[in-house]
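Listed here are the chains, written in short residue letters.
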Amino acid sequence: MSNDARTDGGTASATDTGASAGALARIDGYRILLYLGLVGMLAFFLIPIESGLVTSFKTPGGVSGSLPFAPPTSSTFTLEKWQSAFDALGRGLINSALYAIPATVISALLGSFAAYGITQSNWKQKYKAPLLALFVAGIFIPYQAVLVPLSQFWSMVPLQEWLGFLWALGINNDYVGVIELIVTHVAYGLPICTVLFRSYYKNMSEEMIEAARLDGASIRRIYRRIVLPLSGPMFAVVLIYQFTQIWNDLLFTLVLVQTESSAAAPIVLILAGLGTSLEGQDFALRMAGAFIAALPTLAVYIAFGEEFAEGVAT
Amino acid sequence: MGTLELDGVTKVFPDGDGEVVAVDDVNIEMRDGEFLVVVGPSGCGKSTTLRMVAGLETVTSGEIRLASNVINDVKPQHRDIAMVFQSYALYPHMTVKGNMAFGLEESTDLSDEEIETRVTDAAATMGIAELLDRKPSDLSGGQQQRVALGRAIVRDPEVFLMDEPLSNLDAKLRSEMRTELQRLQSELDVTTMYVTHDQTEAMTMGDRIAILNAGELQQVATPLECYHEPANRFVAGFIGDPSMNFFDVERDGDTLIGDTFDYPLSQSTLDDIGDVTDLTLGIRPEDITVTEDASGDHTFSTVVEVVEPMGDENTVYLRFEDAPEGETFIATVGGLQRISVGDEISIEIPEKAIHLFDGSTGEAVHNRDIEE
C-alpha cells in the first residue's frame, strides 16, 4: 500500500501518516473487541459453576426468591445443605473410592505393561500389529453396547460364592458389586491406557533401551528400572483420565449395583436421587451434593497437575 | 580372550516384497586388544555390522565368534560387550553414578562396595569424579560423552563397540576426545570396534581400518596401507582429503591415452597392468608438483581455475589446457607459493606416485612406489 502511495508522488506522505494512525486505531478497537469477547466467554463458562456454588449456600427461600447467580444474603445463607449432602453422600464417597482407586491403578499398570510389550519387546511386527488393532478397537466400543452382555456375564460368574469368606467376615455381600465394578472398569479402561502408553513408549529413546540390554538387563528389569521410572508423566495423564471416567460413570453402577439403597452404592447412584422428592427439587441440596461428588476428581487433577502437563505435551 | 571374528557375516532386511542386503559376506578377524575402525559412507552397513556384533540385530548368515565361541544366538545381555552410542543413550532419571553402576548391578554379582569402588575408579579415569551425583541433563555434551564411555569401561568387557561416539561433539572437543579415546583404548587394551563416517577418525585412531561400501567389505588394512596401497578405486577415493584425482584412460601400447592428455608408462608399470586396456589413472593431490620445466614426459600445462588458501597449503583446482572449462582436478601446493586464478602453470604427475585401477572392476592393478 505504502509503495503504491509513493508512486503517486506529492500527496504520498500525508496519506501515509493518515493510514498508519488509522491502523493504530483499528488495532486498539480490535483489542477491545478481543478482550470483551474473552471476558464474555469466561462469564459464559463460569456462570453455571458460580450459580451452582452460590445456590448450594442458599435457604429454600433464597433459591426461589433470587436470581440463580446472585450470592446469598445474610438472611438466606446456610451451610445446612452441605451438611445434609455430606451426610447422604458420605458412604457413597467411600464406596466409590473402594472401586475407583484400585480400578484406576490396575488399569494404568496393566496398560503400561501391555504397551511396553507391544513397543519395546523384540517380537515381530506382524505379531504386534493385530494385538494393537484389538486394543484400538476396544476403545471404540460404547458403554451402552456392552450393558446387556455385561450383566449376563456377571450373572454367569458365581463371584458371590467365591467370595463367601468375605461375607463370613461380616462384610455386607452387596459389596460384590464393588469387585465387579473394579474388574469391569479395568477391562474397559485397558485399551485406552495401552494406546496412551504406547505412544509415549514409541517416543522413548531406542538406543537407551538397547544400552540397558547390553548392560545385561532382562526385559523385565529394563521395564522396572528404566521404563517404569520414566513413565511418570504418562501415568499422571492416565490416572487423571481413568479416575475421572470411573468416578463419574453412572451406567456400569446402574447395571452392577443397581440401587442407592444398596450398602455398596457409589456416590453417583446416591447423587442421582439426591434432593428429588414428590415435593419437588431441592436445588441447593443437589448443588452441594454435586460439588462434594466432584471434589475427589479435582483433588486428583491438583495432585498430578504438573506431571499431567508434561505428559500431555509429549 | 577378546579375539573377535566375523566370518561370512550377512544381513538381509525384508523390504516390502523384496529384500535389501545391508551387509554382504563380511570377513574380519580382530586380534585381542586391537582397535579396528569401520568406515564407509552413510548406509554402507557399518552400523548394522556393529549392531550384529552387539546382538541388537540378528545375523542372516555367517558366524560371529568371540574368543572362538560362536555368539550368533547369544542374547545381548550375555555377550560381555559394551557399546557407546552416538546419542550417548544415558538413563536420564539416574545420576552419573547410577548410570555407571547399572551395568554392574545387572550383569554381575558384585557387592555394593565393589561396585562403588569400580565406579569411582572408572570415573577417575574418565575425569568425571566430581560429576557422580549429577543427572545427565545437568551435563554438557562432552561430559555426557565421558559418562557414556565411563559406563562402558566400568564393566571391563571383552569388546567395546562404538557407534560414531564423537559425531555429536564440536570440532575442538572431538579432536580432544579422539586423542583421549586412543590413550584409553591402549591403556585398557580391550578389543574395540569403532564405527565412523569421518575419515580423519579412521586414519588417526585405528590400528586397522575396515572400509565398507554398499554392504561389502572393500579392504581391511592399516591406515597407511589403505592410503598408499588401496585395494580398489573406492578405497582410494574414500581415504584422503582432498580425495584422489581420477582420470579415465585407455592403454595404447606403452602410453595411456586420456581425453586431454597422454601419459607414457615405464616397463615396470606396464608389467603390473598386464593386458588390461580400460584403466583409471589415480593421483593424490599432494603428489602433483608445480614445475618450471614443462618439457618432461609427465609434465603438463594447466590453467588455474580456483585457489583455496588453507594457510599451510593451497588447494588448487586445475584444468588441462585442452580440457573444457569446469573439468578440473585438485592439487595441493605449499602455502607460500603464489598462484592465482587464471595463471598458466606446468605441473608434473610423477610416475612413481600414480595408481592404476581396472576401468571396469575398479580393482587396483598398480599402486604407487613406496620408498622404504
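Quick notes on the rules
Residues numbered from 1 in each chain as written. Chains lettered and ligands numbered in written order. Predicted model: local features only at pLDDT ≥ 70, side-chain atom pairs only at ≥ 80, totals over all residues. Heavy atoms only, no water. Helix = DSSP H or I, 4+ residues; strand = E, 2+ residues; numbered from the N terminus. Buried < 20%, exposed > 50% of the residue type's maximum accessible area, 1.4 Å probe, protein only. Contact = heavy atoms within 4.5 Å. Areas by Shrake-Rupley, 256 points an atom, 1.4 Å probe, with all protein chains shown as cover. Lys, Arg positive; Asp, Glu negative; His and termini not counted. Charge placed at Lys NZ, Arg CZ, Asp CG, Glu CD. Expected span 1.5 Å × (residues − 1). Patch = residues over 30% accessible without salt bridge, like charges linked within 9 Å, V, L, I, M, F, W, Y side chains within 5 Å. Salt bridge = Lys/Arg side-chain N within 4 Å of Asp/Glu carboxyl O. Pairing = 2+ DSSP bridges. Axes fitted to C-alpha atoms, helices over the stretch in contact; angles between N-to-C directions.

Visitor: Even after reading the chapter, I still don't get the overall build of chain B, so can you show me in this structure?
Guide: Looking only at helices and strands, chain B features nine helices and 21 strands. Its C-alpha atoms give chain B principal-axis dimensions of about 80 × 45 × 45 Å. Taken over 372 residues, chain B has a buried fraction of 51%. Taking as baseline every contact in chain B between residues at least 6 positions apart, the subset at least 24 positions apart corresponds to 65%. When the accessible surface of chain B is split by element, carbon and sulfur atoms take 43% of a total near 16600 Å². Charge separation in chain B, taken as the distance between the mean sites of 26 positive and 73 negative side-chain charges, equals 10 Å.

Visitor: What exactly am I supposed to notice about helix α4 (residues 141-153) of chain B here?
Guide: Owing to its 3.6 residues per turn, the α-helix aligns residues three or four sequence positions apart on the same side. If you check α4 of chain B, its first and last C-alpha atoms are 19 Å apart, about what 13 residues at 1.5 Å a residue would give, namely 18 Å. Where burial is concerned, most of α4 of chain B is hidden: eleven out of the 13 residues are buried. Where the residues of α4 of chain B are buried, they touch α10 (206-214) of chain A together with β6 (81-84), α2 (96-107), α3 (112-126), β7 (159-163) and α5 (171-188) of chain B.

Visitor: I'm lost on helix α1 (residues 46-54) of chain B in this one. Help?
Guide: All names here are of chain B. Counted residue by residue, α1 has eight buried out of nine residues, so it is predominantly covered. The complete set of buried residues in α1 reads K46, T48, T49, L50, R51, M52, V53 and A54. Residue G55 follows α1 closely and has a positive phi angle near 95°.

Visitor: What exactly am I supposed to notice about a nonpolar patch on the surface here?
Guide: All names here are of chain A. A surface patch of nonpolar side chains, about 810 Å² in accessible area, is lined by Y30, L34, Y35, L38, M41, F44 and F45. With respect to the element layout, F45 can be found in helix α2 (residues 12-56). In this structure F45 comes out as exposed when scored by relative accessible area, which is 56%.

Visitor: Honestly, the sheet that holds strand β18 (residues 329-334) of chain B in this entry has me stumped. Any pointers?
Guide: Strand pairs in the sheet, formed through backbone hydrogen bonds, run parallel or antiparallel to each other. Residues and elements named next belong to chain B. The strand order across the open sheet formed by five strands is β15-β19-β16-β17-β18, and the pairing between neighbours is antiparallel. Two strands lie at the open edges of the sheet, namely β15 (289-291) and β18, each paired on one side alone. Across the sheet, the mean angle separating the axes of adjacent strands is 55° when strand polarity is ignored. As defined by bridge partners, strand β16 (residues 299-309) adjoins strand β17 (residues 313-320) across seven bridges and the pair is classed as antiparallel. Among the inter-strand pairings, V304 is bridged to a residue of β17, identified as L318.

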